[in-house]
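This is what each chain is made of:
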Amino acid sequence: MKPSDITTKEHKPYFSLYIGQAPETTIVEGLESGLKEILAILNAYPVEKHHYRYAEGKWTVKDMLQHIIDTERIFMYRALRIARGDKNALAGYEQDDYVGPAKANDRAFEDMLEDYKLSRANTVALFKSFDEEMLAQIGTASGGPISARAAGYIIVGHELHHMKVLQERYLN
């Protein structure tokens, strides 16, 4: 399975932004390569710039990393419930409501990286446990359809989206 196998019936149109950025690999391969890529970028990023914002009101590097972690956890949870056949509609989430309460800028960067790695290990283990039938299950989240496999590719593409932002707006 690849992201190009995902149909528009499996997600709201907005999520095409992220699914379209996922590489033509399996979800697990995308998650594993994304882990290596973002760790290489973040480990090379100067410590003195962890609180840098490229514009007024924009997130810091730490805020962005926490956002990636939070979003992954939310979509992993959605994938789990949907893959298990849960037909209850899942609520949406507003990303900006999570940034302040997360207090990412008060956390040690090394702790955040460890949190990210542990979260990713859990996500990889979950998606390795799914068979094709489970991945093809479609549920409802944020007021629209979403399949377990779409949720996986959203995680992969979402992270790639933020890696590009990091490289274009924070590292230059």
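Our structure's up above, just so we're on the same page.
Heads up: these notes are all about the structure in this document.

1. Re helix 3 (residues 61-83)
Owing to its 3.6 residues per turn, the α-helix aligns residues three or four sequence positions apart on the same side. Look at helix 3: 33 Å from first C-alpha to last across 23 residues, which is about the 33 Å you get at 1.5 Å a residue. Most of helix 3 sits inside the fold, with 20 of its 23 residues counted as buried. In the stretch just after helix 3, Gly85 is the one whose phi turns positive, near 90 degrees.

2. Here we look at the packing of helix 3 against helix 5 (residues 109-129)
Running from amino to carboxyl end, helix 3 crosses helix 5 at an angle of 20 degrees, the nearest separation of the two axes being 10 Å. In terms of their interaxial angle, helix 3 and helix 5 are classed as roughly parallel. Our pair here, helix 3 against helix 5, has a crossing hand that is left-handed. For the pair helix 3 and helix 5, the contacting residues are Val61, Lys62, Leu65, Gln66, Ile68, Ile69, Glu72, Arg73, Met76, Ala79 and Leu80 in the first and Phe109, Met112, Leu113, Asp115, Tyr116, Ser119, Arg120, Asn122, Thr123, Leu126 and Phe127 in the second. Here the residues of the contact of helix 3 with helix 5 sort into 13 nonpolar, four polar and five charged.

3. Structural notes on the packing of aromatic side chains
The tally for this structure, following the rule as stated, stands at seven aromatic pairs. Note on Tyr14 and Tyr18: the rings are 5.8 Å apart at their centroids and 80 degrees apart in plane angle, and the pair reads as edge-to-face. Look at Tyr18 and you get buried, because its relative accessible area is 6%. The interplanar angle of 85 degrees and the centroid separation of 5.8 Å between the aromatic rings of Tyr52 and Tyr170 together place this pair among those described as edge-to-face.

4. Notes on the nonpolar core
Within the largest apolar cluster, 51 residues are counted, with the highest numbers of intra-cluster contacts made by Leu42, Leu65, Phe75, Phe127, Ile146 and Tyr170. Counting only elements with at least two residues in this core, the list comes to helix 1 (16-19), helix 2 (27-44), helix 3, helix 5 and helix 7 (148-170). Tallying contributions element by element places helix 7 first for this core, with twelve residues. Once residues within four sequence positions are removed from consideration, Leu65 is found in contact with Leu42, Phe109, Met112, Leu113 and Tyr116.

5. Notes on the side chain of Glu10
In this structure, Glu10 sits in the segment before helix 1. Side chain to side chain, Glu10 and Ser147 meet in a polar contact 2.7 Å long. Filtering out sequence-adjacent residues up to four positions away, Glu10 remains in contact with Asp5, Ile138, Pro145, Ile146, Ser147, Arg149 and Ala150.

6. Some words on unusual backbone geometry
The residue Lys103 is not glycine, and still its phi comes out positive at about 50 degrees. Along the chain, Lys103 falls in the loop between helix 4 (95-102) and helix 5. The phi torsion at Ser142 lies on the positive side, around 55 degrees, for a residue other than glycine. By the element assignment, Ser142 lies in the loop between strand 1 (138-141) and strand 2 (144-147).

7. Topic: the pairing of strand 2
Pairing analysis gives four bridges linking strand 1 to strand 2, with the strands arranged antiparallel. The residue of strand 2 that forms the bridge with Ala141 is Gly144. Between the end of strand 1 and the start of strand 2, which pair antiparallel, lie two residues, with Ser142 showing a positive phi angle near 55 degrees.

8. A few points about the pattern of salt bridges
Within this structure, the stated rule accounts for nine salt bridges. For the salt bridge of Glu32 with Lys128, the shortest nitrogen-to-oxygen distance reads 3.9 Å. Remark: Lys128 occurs in helix 5 and Glu32 occurs in helix 2; sequence separation between them is 96 residues. Since its relative accessible area comes to 32%, Glu32 is described here as partly exposed. With relative accessibility at 57%, the residue Lys128 sits in the exposed group. Where Glu114 meets Lys117, a salt bridge forms, and the shortest distance between an N and an O atom there is 3.8 Å. Taken together, the residues span about one helical turn, with Glu114 and Lys117 both in helix 5 at a distance of three residues. You can call Glu114 partly exposed: its relative accessible area is 39%. One continuous salt-bridge network, built from bridges that share partners, spans Glu72, Arg120 and Glu159.

Quick notes on the rules
Residues numbered from 1 in each chain as written. Predicted model: local features only at pLDDT ≥ 70, side-chain atom pairs only at ≥ 80, totals over all residues. Heavy atoms only, no water. Helix = DSSP H or I, 4+ residues; strand = E, 2+ residues; numbered from the N terminus. Expected span 1.5 Å × (residues − 1). Buried < 20%, exposed > 50% of the residue type's maximum accessible area, 1.4 Å probe, protein only. Axes fitted to C-alpha atoms, helices over the stretch in contact; angles between N-to-C directions. Parallel < 35°, antiparallel > 145°, perpendicular 65-115°, else oblique. Left-handed = near helix turned anticlockwise from the far one by under 90°. Contact = heavy atoms within 4.5 Å. Nonpolar A, V, L, I, M, F, W, Y, C, P; charged D, E, K, R; others polar. Phe/Tyr/Trp six-rings, centres within 6.5 Å; stacked < 30°, edge-to-face > 60°. Core = buried A, V, L, I, M, F, W, Y, C linked by side-chain atoms within 4.5 Å. Polar contact = N/O pair within 3.5 Å; in protein donor to acceptor, adjacent residues only side chain to side chain. Pairing = 2+ DSSP bridges. Salt bridge = Lys/Arg side-chain N within 4 Å of Asp/Glu carboxyl O.

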